Amino acid sequence: VVQAPLSQNLRHTKRQQKRRLANQKSNFRVLRETMETVDDDTVARFVALLESKGIKAVVFDFDCTITIKHSSGRVRNERMDSYLQGNISPVFHKLLPCLLSRSFRVGVATFA
């Protein structure tokens, strides 16, 4: 058995990581574009799919999922209302009421 040198294996791994990251960025761009155009029927079908899988709770990341802009961890509770004005993701705005109306538990996860 002949093994490739360690440096060659590391280069191969780095190339794989770069490709994966490029794919993730591409997928994120498509998702962001889709977020602006999602309709109520799509949201309802998505929630029905979650129900069919037995999912009972959904946890959202705060920055760039619930919100459009990233807070960078600088928004304090006393300024949260003004920060959220006009900064709620259109998909979250449609998805949250649908989830709650079907008795899903909803949570928020954030590093900030």
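Residues numbered from 1 in each chain as written. Predicted model: local features only at pLDDT ≥ 70, side-chain atom pairs only at ≥ 80, totals over all residues. Heavy atoms only, no water.

### What to know about unusual backbone geometry
For step 1, the next point in the chain: Of note in this structure, S103 is not a glycine but carries a positive phi near 65°.
For step 2, the next point in the chain: Looking at the secondary structure, you find S103 in the loop between α5 (90-101) and β2 (105-109). (Helix = DSSP H or I, 4+ residues; strand = E, 2+ residues; numbered from the N terminus.)

### Observations regarding the pairing of strand β1 (residues 57-61)
Within a regular strand, side chains alternate between the sheet's two faces.
For step 1, the next point in the chain: Burial along β1 is one-sided: the residues V58 and F60 are buried and none of A57, V59 and D61 is.
For step 2, the next point in the chain: Pairing between β1 and β2: five bridges, direction parallel. Each residue of the ladder has a partner; that of D61, found in β2, is A109. (Buried < 20%, exposed > 50% of the residue type's maximum accessible area, 1.4 Å probe, protein only. Pairing = 2+ DSSP bridges.)

### Describing the nonpolar core
For step 1, the next point in the chain: Counting 15 residues, the largest nonpolar core has V43, V47, V58, F60, L95, L99 and F104 as its most contacted members.
For step 2, the next point in the chain: Among the elements of the structure, α2 (40-52), β1, α3 (62-66) and α5 are those that each provide at least two residues to this core.
For step 3, the next point in the chain: By residue number, the principal contributor to this core is α5, which donates four residues.
For step 4, the next point in the chain: Those residues within four positions of L99 in sequence are excluded, and the remaining contacts are V47, L50, V58, F60, F104 and V106. (Core = buried A, V, L, I, M, F, W, Y, C linked by side-chain atoms within 4.5 Å. Contact = heavy atoms within 4.5 Å.)

The quantities given are spatial measurements derived from coordinates; they are silent on function.
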